[in-house]
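Read off the chains here:
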Amino acid sequence: MILITGGAGYIGSHTVINFIKNGYEVVVFDNLENGHQETIDTLQNIGNVKFEKGDLRNIEDIEKVFNKYKIDAVIHFAAFALVGESVENPSKYYRNNVFGTLNLVDTMVKHNVKKIVFSSTCATYGEPQYTPIDENHPQNPINPYGNTKLCVEYILKDYDIAYDLKSIRLRYFNVAGCDKQTRLGEWHEPETHLIPNILKSTLGKNKTFKIFGNDYDTPDGTCIRDYVNVEDLAEAHRLAYLYLNENNKSDVFNLGTEQGDSVKKVFDTCEKVLDKKIPVEVVNKRAGDPAKLYANANKAKDILKWKPERSLEDSIKSAYTWECKQIQEGK
Ligand code: UFG
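Throughout what follows, the structure given in this document is the object of discussion. What you see is a predicted model, and the numbers here were worked out from it, not measured in a lab.

1. A few points about the site of the ligand
Lining the immediate surroundings of the ligand are 22 residues, of which His-193, Leu-194, Lys-210, Arg-286 and Asp-289 lie closest. With respect to the ligand, the backbone of Lys-210 contributes an N or O atom lying 2.8 Å from a nitrogen atom. Between Arg-225 and the ligand, the recorded distance is 2.9 Å, taken from a side-chain N or O atom to an oxygen atom. In isolation the ligand exposes 690 Å². Once the protein is present, 90% of that is buried. Counting only elements with at least two residues in the shell around the ligand, the list comes to α7 (194-203) and β8 (209-212). A total of 4 residues in the shell around the ligand trace back to one element, the largest contributor, which is β8. Of the residues in the shell around the ligand, the class split is 13 nonpolar, 5 polar and 4 charged.

Written out as structure tokens, the structure reads:
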């Protein structure tokens, strides 16, 4: 049985589908603070997924799950992930992302479960010193969210040495798109991410999409990011799990497409894919946005044999179908 924490969230739920499609038994643990019961219902309609509602900040909640199921490995997504909120309320982030993870890994060690795949982030690198960013790039996060993820990376390294807990730390770049069958999608409240915000502008009345700054040191003046498709990302988690099983060795991998796309390019691609004009205006820069972030993901390709297959257009098309469905359902 694979335990997927945060399996009712965006990336977690897509990973649950990938694992059940590949024949694994899965139990999802989620407090439904940001995840959705409806996502759990969808997953349970697709396959045999167990669900345990609980919060990692209460060690008894997670202890119960390890007592109830025979867990072979953990895929750990459960975390808060809004950079701005983490600056305003670091306590919330350290309590959940760090203290919650400590409860999880201590329970794993207690129950002799020694394999974990962890959702880390390119935010642990901070302001890039060079691009593309490889795994050896110095890690100097510039916000509490990145700090909490880096803390967990340190915890995992130390737990490997002390308790033989093997981990794969996956550092994601920007995640986009959704399940091709539109059963799941990106569903954040509030939504802060680029692609859903562009798409919501075209679907909502009198909404104008806001570009945060166009005087960055990039060819068109807007920020460059690396948009990796969520289904490709989900597959990387399964490959990481297989790698852990075969090699029993901790490691770290960047997950990105290695292609940097500017905000303007993403916006233009949305207009092209949708074949319509989207209302847009340029506003002030958002605090803490580095100009350029894109991955060198050679290591994941070479070692995990990961092949990201879906393009930015694919991600935009699937995200658009999802947004339309949400609106039809009155969400
Ligand atoms: N952007 C806009 N308008 C919007 C939303 C975003 O112009 O309405 C711009 C941002 O300024 C940024 C780019 O689009 O330049 C991407 O922004 P997102 O909010 O979609 O993503 P981020 O790059 O800020 O954040 C992502 C993850 C975080 C992670 C971070 C690492 O969502 O979890 O990468 O830098 F921490």
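2. Details of the sheet that holds strand β3 (residues 49-53)
The strand order across the open sheet formed by 7 strands is β3-β2-β1-β4-β5-β6-β11, and the pairing between neighbours is parallel. Either end of the sheet is taken by a strand with one partner, and the two such strands are β3 and β11 (251-255). In this sheet, neighbouring strand axes are inclined to one another by 20° on average, regardless of whether the strands run parallel or antiparallel. Where strand β5 (residues 115-121) and strand β6 (residues 166-172) come together, 7 bridges link them in parallel fashion. Along β6, the bridge assignment pairs Thr-121 with Tyr-172. Against the sheet, helix α8 (residues 230-247) touches β1 (2-5), β4 (73-76), β5, β6 and β11, its axis set at about 160° to β6.

3. Quick look at unusual backbone geometry
Omega for the bond connecting Thr-131 with Pro-132 falls within 30 degrees of zero, at -10°, which places this linkage in the cis form. Summarising the element assignment, Pro-132 is placed in the loop between β5 and α6 (144-163). Of the consecutive residues Glu-189 and Pro-190, the connecting peptide bond is found in the cis state with omega at 0°. Following the sequence through the fold, Pro-190 ends up in the loop between β7 (174-176) and α7. Phi is positive for Asn-112, close to 60°, though the residue is something other than glycine.

4. Comments concerning the environment of Ala-287
By the secondary structure assignment, Ala-287 is in the loop between β13 (280-283) and α10 (298-304). For Ala-287, a relative accessible area of 75% corresponds to the exposed category. Residues Ala-287 and Phe-212, spaced 75 residues apart in sequence, show a C-alpha to C-alpha distance of 9.4 Å.

The rules behind the values
- Residues numbered from 1 in each chain as written.
- Predicted model: local features only at pLDDT ≥ 70, side-chain atom pairs only at ≥ 80, totals over all residues.
- Heavy atoms only, no water.
- Near = heavy atom within 4 Å.
- Polar contact = N/O pair within 3.5 Å; in protein donor to acceptor, adjacent residues only side chain to side chain.
- Areas by Shrake-Rupley, 256 points an atom, 1.4 Å probe, with all protein chains shown as cover.
- Helix = DSSP H or I, 4+ residues; strand = E, 2+ residues; numbered from the N terminus.
- Nonpolar A, V, L, I, M, F, W, Y, C, P; charged D, E, K, R; others polar.
- Pairing = 2+ DSSP bridges.
- Axes fitted to C-alpha atoms, helices over the stretch in contact; angles between N-to-C directions.
- Contact = heavy atoms within 4.5 Å.
- Buried < 20%, exposed > 50% of the residue type's maximum accessible area, 1.4 Å probe, protein only.

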